[in-house]
Amino acid sequence: MSGYCSTGIKARTLATMPIATVVNVDHADGIPAVDLLRETVPNPTKQITVLPASFYSYFLSTLSKGRIPSAIRGLLPYESRPNMLSLLAGKPNPSLFPITSFSLTVQSPIDPSSSTQLTIDGEILEEALQYGPTQGLPQAHKWFVGLQEVAHNRPANGGEWGLSVGNGSQDLIYKAFSALLNPGDHVLVEAPVYAGVVPLLTAQKAICIEIDTDESGVSTSKMREILDNWPATTPKPKVFYTVPYGCNPSGVTTTLERRLEVLKLAHDHNFIVMEDDPYYYLYFGQIPRPPSYFELEGQQSMETGTPVGRILRFDSFSKILSAGLRLGLVTGPKPLVDAINVHTASANLQPSSTSQAIAFALLNSWGYDTFFAHTRLVSEFYRKKREVFTLALDRHLQGLAEWTIPEAGMFFWIKLHLPPSNESAEGDSESLIRDKALEAGVLALPGKSFFVNSRKTPYVRTAFSLLDEKDVDEALRRLAAVIKEARGD
């Protein structure tokens, strides 16, 4: 059985695979979250329809199409064949590496009073210190594929998606933009948008179309209005970039309804959703966590036959394991993941083998259940930090600002009540935060940094992840004093 996507390109279907049922569990304080999945008996009449590799030729940039695969790295997998004698790569002889072992002490998420000693040595250490595959060390890569299968209910055994490891998700996002966008291409972005992608898009000379957000996420009605009225002579945007959980900077978690609308728009107007999701495991909302775009796409294909292959997902371990490991994942259509791998092979060869080996030693000792237990502890920690920050905001900024309480992530997006200026009826936070607040001894980021057009805005982003209760109170007291001075109170 075969199907067709809206562009007329023939799609293929996969044999029925086990599907997972969402299981609602509680955090320690009773807040519900969607964390665990269990396999259930599939409906034999349901199939996943997959867009063919040829579909992505339209999306790949000229630069990406012109990249030549590494001759050496293309042959490296053959070194693992039995009885193969390799004269291929100029790998350093591991007997000369002065490091003889790594030893890690790991605290148990189940019982914080206990810890485990992990040692990396022998062949595993040799692999950790040596050049490795572009897409990631085999054992670590396999564990990460399993994680995506369990966390997002997208079995990989049908070959409908690929995964690659990167030196942090930022590394992979940069390479994805490079793979997808030519200079002058249009791209849809949330407004406000993660400040870290603004320099990337600017350098690539992309034309960014800002879509405003509210407390439910990106405005899909505005997005549809823009796309439905797009000039016939101008190519439509190929990409929509979004941070759907605890968005940096707005703190907004996109609702299920908005996610479904975005997926429909992606199908109707033929674009790729870049799902940048560093705060997926930092969700602490009152309702069960909405499914990711990656999961929803699979569900829709099973239910309606809509082809999968429009979600390119980015995960980060910075917020849940260690920012210094610089470890991230890209998951999505194999032609797009392969394009990123070709870029990596020529730019930095591979993600760090050492970081992967350390992470895998920890994660493999835990298993998925314990990993999820750890992420629940992390989200609960940040929920408490959010509560402390909320109380301090109520004490110091009532009447001086307004805000929405985030359900995930690390940030409050605060609208300051400032005097109007000649350029903005609501005032602008730029000089107040960069100059006055700095002089008063409090650092935050002006809202201007989160708009690709550097628009005037009264907003400011504040992070609640690090300061203790006393310092939070003092920081917001100082900020309140600066706002009052600007208002003439």
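Every value quoted in this text rests on a predicted model; they were computed, and no experiment measured them. (Residues numbered from 1 in each chain as written. Predicted model: local features only at pLDDT ≥ 70, side-chain atom pairs only at ≥ 80, totals over all residues. Heavy atoms only, no water.)

A. View of the overall build of the chain. Within the chain, the regular secondary structure consists of 13 helices and 19 strands. Compactness check: the chain gives a C-alpha radius of gyration of 24 Å against a globular reference of 23 Å for 489 residues, within 12% of the reference. Its C-alpha atoms give the chain principal-axis dimensions of roughly 80 × 60 × 45 Å. Across the 489 residues in the chain, those meeting the buried criterion constitute 52%. Nonlocal contacts in the chain, meaning residues at least 24 apart in sequence, comprise 70% of its contacts between residues at least 6 apart. Of the roughly 21,800 Å² of accessible surface on the chain, a fraction of 54% belongs to carbon and sulfur atoms. (Helix = DSSP H or I, 4+ residues; strand = E, 2+ residues; numbered from the N terminus. Rg over C-alpha atoms; globule rule 2.2 N^0.38 Å. Buried < 20%, exposed > 50% of the residue type's maximum accessible area, 1.4 Å probe, protein only. Contact = heavy atoms within 4.5 Å. Areas by Shrake-Rupley, 256 points an atom, 1.4 Å probe, with all protein chains shown as cover.)

B. Region of interest: the sheet that holds strand E16 (residues 401-403). Spatially, the four strands line up as an open sheet ordered E16-E17-E19-E18, and their pairing is antiparallel. A strand with exactly one partner marks an edge of an open sheet, and here the two such strands are E16 and strand E18 (445-446). Inspection of the sheet shows E18 paired to strand E19 (residues 459-463) by two bridges, in the antiparallel sense. Within the sheet, the bridge partner assigned to Pro446 lies in E19 and is Val460. (Pairing = 2+ DSSP bridges.)

C. Focus on the pattern of salt bridges. Tallied over the entire structure, the rule returns 24 salt bridges. Here Asp171 makes a salt bridge to Lys175, at a shortest N to O gap of 3.0 Å. Taken together, the residues span about one helical turn, with Asp171 and Lys175 both in helix H5 (residues 169-180) at a distance of four residues. For the residue pair Asp171 and Lys175, the accessibility class agrees, reading buried in each case. (Salt bridge = Lys/Arg side-chain N within 4 Å of Asp/Glu carboxyl O.)

D. Quick look at the sheet that holds strand E8 (residues 162-166). Reading across from one edge, E8-E15-E14-E13-E12-E9-E10-E11 is the order of the eight strands in this open sheet, with mixed pairing throughout. Either end of the sheet is taken by a strand with one partner, and the two such strands are E8 and strand E11 (217-218). As paired elements, strand E9 (residues 186-191) and strand E12 (residues 239-242) share three bridges and run parallel to each other. Looking at E12, one finds that Val189 is bridged to Tyr241. Running over the sheet, H5 touches E8, E12, strand E13 (272-276), strand E14 (311-316) and strand E15 (328-332) and is turned about 160 degrees from E14. (Axes fitted to C-alpha atoms, helices over the stretch in contact; angles between N-to-C directions.)

E. Representation of the side chain of Ser178 in the model. Within the secondary structure layout, Ser178 lies in helix H5. Beyond its immediate stretch of four places on either side in the chain, Ser178 contacts Ser61, Leu63, Arg67, Gln204 and His343.

F. Expanded view of unusual backbone geometry. Here the residue pair Ala191 and Pro192 is connected by a cis peptide bond, since its omega of 5 degrees sits within 30 degrees of zero. Note on placement: Pro192 falls in the loop between E9 and helix H6 (198-203). Positive phi outside glycine occurs at Leu349, with the angle close to 70 degrees. Taking relative accessible area as the criterion, Leu349 reaches 36% and is therefore assigned partly exposed.

G. Quick peek at the packing of aromatic side chains. According to the stated counting rule, one finds 24 aromatic pairs in the structure shown. Ring plane angle 75 degrees and centroid distance 4.9 Å describe the contact between Tyr58 and Phe59, whose orientation is recorded as edge-to-face. According to the relative accessible area criterion, Phe59 is buried, its value standing at 0%. For the ring pair Tyr281 and Phe371, a centre distance of 5.4 Å and an interplane angle of 85 degrees mean the geometry is edge-to-face. Of this pair, Tyr281 sits in the loop between E13 and helix H9 (293-304) while Phe371 sits in helix H11 (residues 353-396), and the two are 90 residues apart along the sequence. Taking the relative accessible area as the measure of exposure, Tyr281 reaches 8% and is therefore buried. Exposure remark for Phe371: the relative accessible area of 0% places this residue in the buried category. Among the aromatic residues, those joined into a ring-pair cluster are Trp143, Phe144, Tyr245, Tyr280, Tyr281, Phe317, Tyr368, Phe371 and Phe372. Taking the ring centre of Phe294 as reference, the NZ or CZ of Arg154 above it sits at 4.2 Å. The ring of Tyr245 has Arg259 sitting right over it, with the charged end atom 4.1 Å from the ring centre. (Phe/Tyr/Trp six-rings, centres within 6.5 Å; stacked < 30°, edge-to-face > 60°. Lys NZ or Arg CZ within 6 Å of the ring centre and 35° of its normal.)

H. Just a nonpolar patch on the surface, in detail. A grouping of Ile72, Leu75, Tyr78, Met84 and Leu88 is seen on the molecular surface, where their side chains present a nonpolar patch of about 420 Å² in accessible area. Within the secondary structure layout, Tyr78 lies in the loop between helix H2 (71-75) and strand E6 (102-107). (Patch = residues over 30% accessible without salt bridge, like charges linked within 9 Å, V, L, I, M, F, W, Y side chains within 5 Å.)

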